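Fold and geometry: a report
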Amino acid sequence: MKKTAPIGIFDSGVGGSSIWKEIHQLLPNENTIYLADSANAPYGNRSEAEIVALSIKNTEVLISMGCKLIVVACNTATTNAIDILRTNYNIPIIGIEPAIKPAALQTRSKSIGILATKGTLSSTLFHKTSEAFTKDISVIEIVGEGLVPLIEKGALGSKELQKLLEKYTAPMLAAKIDYLVLGCSHYPYLIPQLQKMLPETVTIIDSGEAVARQTRLMLENIALLSEEKELPELQFYTNAEIDTLTFLLKEFEGKIHIQKKEF
Ligand code: DGL
């Protein structure tokens, strides 16, 4: 495998682009291919078998495109399918999980909130991690029903989104949380809106930066970190319309290629 081979990244839709941004910031010389499976979003309410099948499909597309490593930029796909992906394929695979551990270690109020999909919160992997780190802490788990479809539509800042966020954070605020864990890669796009609504005592955390660091570490370990000095090729493929990805990635206009593709 060549060091210049791309890093492959997939998500159920546009949300994982928040993780792509962290990876690109830390590893600006790396070529990347991002797959947004928006035609099948949201994954969050699907069965484990469906999430596994979709994750296998996306992984195989990225392998066929010559990727050297795969980042599953979706908490729902990671918590339901990563073990199977790692068993089936030799390629290194990095996943994303809700950042419960740092929140649990840093909370002073001993109460933390987690917003994630039904698929993530009901997974065995999530339960294992949560049980390991939150024994003496109260964890308010809320399913962010309806948030992903609105983000997929690009309806950031909408009244509908605001109403849902107020509903989902109310029980957390009543339980006096001081950490809000965003356990879905779509949700970092909600941070500006959440920050306006939440008291300053609540710290919002997500796992994007940790995933980028993990990606760099893995590439170092397998000696596949790119040494290229040329501008990287940054490709995005979606199986739905390109509008929302274009909007969410507007600061990279001219540097990235976004295309529609069936997969
Ligand atoms: N972005 C995904 C996650 O991190 C999944 C959202 C969905 O498709 O329901 O969980």
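These lines cover the structure that appears in this document, whether it is placed above or below.

Interhelical geometry of helix α1 (residues 17-26) versus helix α10 (residues 208-221) gives an angle of 45° and a closest axis separation of 8 Å. Classed by the angle they form, the pair α1 and α10 counts as oblique. Here α1 and α10 pass one another in a crossing that is right-handed. Between α1, through I19, E22, I23 and L26, and α10, the contact on the second element is made entirely by G208, E209, V211, A212, R213, T215 and R216. Looking at the contact of α1 with α10 residue by residue, the classes come out as five nonpolar, two polar and four charged.

Another aspect to go through is the pattern of salt bridges. The final tally for this structure, using the stated rule, is six salt bridges. Between K68 and E30 there is a salt bridge; the shortest N-O distance is 2.7 Å. With K68 in the loop between α2 (48-64) and β3 (69-72) and E30 in the loop between α1 and β2 (32-36), the pair connects residues that are 38 residues apart, well separated along the chain. A single burial state applies to K68 and to E30, both of which are buried. In this structure, the salt-bridge partner of E241 is K260, at a minimum N-O distance of 2.8 Å. Note that E241 is positioned in the loop between β9 (234-238) and α11 (243-248) and K260 in strand β10 (residues 257-260), a separation of 19 residues in sequence. In this pair, the class of E241 matches that of K260, namely exposed.

For the structure on display, the rule yields one cavity of 30 Å³ or more. Roughly 60 Å³ of internal volume is contained in the largest cavity. Along the wall of the largest cavity there are 13 residues; nearest its centre are S12, T76, T117, V148 and C184. Considered class by class, the residues forming the lining of the largest cavity number five nonpolar, seven polar and one charged.

Right, let's get into the layout of surface pockets. Considered as a void within the structure, the largest pocket measures approximately 440 Å³ in volume. In this structure, the largest pocket is lined by 21 residues; those nearest its centre are G95, I96, E97, A210 and V211. Elements represented by at least two residues in the lining of the largest pocket include exactly α3 (75-88), α4 (100-106), α6 (124-133) and α10. With four residues, the top contributor of residues to the lining of the largest pocket is α10. For the second largest pocket, the lining is made up of 15 residues, of which K21, P188, Y189, L248 and E251 are closest to its centre. Those elements that provide at least two residues to the lining of the second largest pocket are α1 and α11. If you tally residues by element for the lining of the second largest pocket, the top one is α1, at five residues. Residues belonging to the lining of the second largest pocket are distributed by class as follows: seven nonpolar, three polar and five charged.

Right, let's get into the site of the ligand. Close to the ligand lie 13 residues, the nearest being S12, Y43, T76, S185 and H186. One nitrogen or oxygen atom from the main chain of S185 is found 2.7 Å from an oxygen atom belonging to the ligand. For the ligand, the protein covers 99% of the area, taking 290 Å² as the surface of the free molecule. Among the detected pockets, the ligand sits in the largest cavity. Residue classes in the shell around the ligand are distributed as five nonpolar, seven polar and one charged.

Right, let's get into the packing of aromatic side chains. Counted according to the given criterion, the structure contains three aromatic pairs. Seen from their ring centres, W20 and F236 are 4.9 Å apart, and the 75° between their planes marks the pair as edge-to-face. Highlighted residues: W20 in helix α1 and F236 in strand β9, separated in sequence by 216 residues. For W20, a relative accessible area of 0% translates into the label buried. Take F236: its relative accessible area is 0%, and that puts it in the buried class. Ring geometry for W20 versus F252: centroids 4.9 Å apart, planes at 85°, classification edge-to-face.

Definitions and limits used
- Residues numbered from 1 in each chain as written.
- Predicted model: local features only at pLDDT ≥ 70, side-chain atom pairs only at ≥ 80, totals over all residues.
- Heavy atoms only, no water.
- Axes fitted to C-alpha atoms, helices over the stretch in contact; angles between N-to-C directions.
- Helix = DSSP H or I, 4+ residues; strand = E, 2+ residues; numbered from the N terminus.
- Parallel < 35°, antiparallel > 145°, perpendicular 65-115°, else oblique.
- Left-handed = near helix turned anticlockwise from the far one by under 90°.
- Contact = heavy atoms within 4.5 Å.
- Nonpolar A, V, L, I, M, F, W, Y, C, P; charged D, E, K, R; others polar.
- Salt bridge = Lys/Arg side-chain N within 4 Å of Asp/Glu carboxyl O.
- Buried < 20%, exposed > 50% of the residue type's maximum accessible area, 1.4 Å probe, protein only.
- 1 Å grid on protein atoms, 1.4 Å probe; cavity = no way out; pocket = protein on both sides within 12 Å on 5 of 7 lines; lining within 4 Å.
- Points joined across faces, edges and corners; volume = space filled by probe spheres on them.
- Near = heavy atom within 4 Å.
- Polar contact = N/O pair within 3.5 Å; in protein donor to acceptor, adjacent residues only side chain to side chain.
- Areas by Shrake-Rupley, 256 points an atom, 1.4 Å probe, with all protein chains shown as cover.
- Sits in = over half its atoms within 2 Å of the grid points.
- Phe/Tyr/Trp six-rings, centres within 6.5 Å; stacked < 30°, edge-to-face > 60°.

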